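Here is what each chain is made of, one letter per residue.
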Amino acid sequence: GKFSYVNPRLCEITGYASEEMINKLSVMDVVHPNDRAMVGNNLEQRIQGEVKSLNYQLRGLKKNGEDYYAEVFGSLTQSLGKPAIIGTLIDITERFKAIEKMQESEKALKISNERFFFFVKATKDAIWDWNIINNKIWGNEVFSKLFNIAAGTEISFETFLQKQHPQD
């Protein structure tokens, strides 16, 4: 149940020296408490021969108490005549944090869009937005009524200009 070998990269990721890990620490010592049940189950499945190899992600715990995120590839093997796991751990902390930030941004954008659409629906002003890339104009219901356009219809900027008074 202990590490019998660790490479320098694992030491770098976890913050432990190899001497602190080999024959002293188990995999669970570098796994976040919230992921220990999953990792234990995955280890047990391989040791019992239910599966030979697994690939999954986990949250780990460094020596200094910081979290890290890793993708794990582990396979059943034999060591000194006993079942053992040989594994590769890839640090995906930066990727995980980037995805987390992207998800937070998407959530904030969704909230912002919802607020905008509530505002657009509640106002008595004509609100419109011109997408310069596709040259289409979208407007709220007041805009659609003002310019006699079916609600939800996008029009080109040229069509919008044709609906303006000649002096404007």
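A brief look at the structure comes next. What you see is a predicted model; the values in this text were computed from it and never measured.

**Some details on the layout of surface pockets**
Logical step 1: Roughly 1100 Å³ of volume is contained in the largest pocket.
Logical step 2: Taken together, 36 residues form the lining of the largest pocket, with F3, V27, I85, I86 and G87 sitting closest to its centre.
Logical step 3: Among the elements that make up the lining of the largest pocket, the one with the highest residue count is strand 3 (residues 82-91) (8 residues).
Logical step 4: Residue classes in the lining of the largest pocket are distributed as 23 nonpolar, 9 polar and 4 charged.
Logical step 5: Of the voids in this model, the second largest pocket is the one considered here, and its volume is about 160 Å³.
Logical step 6: Together, F117, V120, K121, T123, W138, G139, N140, E141, V142, S144, A151 and G152 line the second largest pocket.
Logical step 7: Residue assignment for the lining of the second largest pocket shows that the elements contributing at least two residues are helix 4 (93-122), strand 5 (136-139) and helix 5 (141-146).

**Re the sheet that holds strand 3**
Logical step 1: What the 3 strands build is an open sheet, ordered 1-2-3; its pairing is antiparallel. Looking along the sheet, the strands with just one partner apiece sit at the ends: strand 1 (53-61) and strand 3. Adjacent strand axes in the sheet meet at a mean angle of 35 degrees when their direction is disregarded.
Logical step 2: Sheet analysis places strand 1 next to strand 2 (residues 67-79), joined by 9 bridges and oriented antiparallel. Directly across from N55, in strand 2, lies its bridge partner F73.
Logical step 3: Contacts from helix 3 (residues 36-47) reach strand 1, strand 2 and strand 3 within the one sheet, and its direction differs from that of strand 1 by about 150 degrees.
Logical step 4: Sitting on the sheet, helix 4 is in contact with strand 1, strand 2 and strand 3, with an inclination near 135 degrees to strand 2.

Here is what the cut-offs are and how they apply
- Residues numbered from 1 in each chain as written.
- Predicted model: local features only at pLDDT ≥ 70, side-chain atom pairs only at ≥ 80, totals over all residues.
- Heavy atoms only, no water.
- 1 Å grid on protein atoms, 1.4 Å probe; cavity = no way out; pocket = protein on both sides within 12 Å on 5 of 7 lines; lining within 4 Å.
- Points joined across faces, edges and corners; volume = space filled by probe spheres on them.
- Helix = DSSP H or I, 4+ residues; strand = E, 2+ residues; numbered from the N terminus.
- Nonpolar A, V, L, I, M, F, W, Y, C, P; charged D, E, K, R; others polar.
- Pairing = 2+ DSSP bridges.
- Axes fitted to C-alpha atoms, helices over the stretch in contact; angles between N-to-C directions.
- Contact = heavy atoms within 4.5 Å.

Fair warning: the whole summary comes from geometry, so function is off the table for now.
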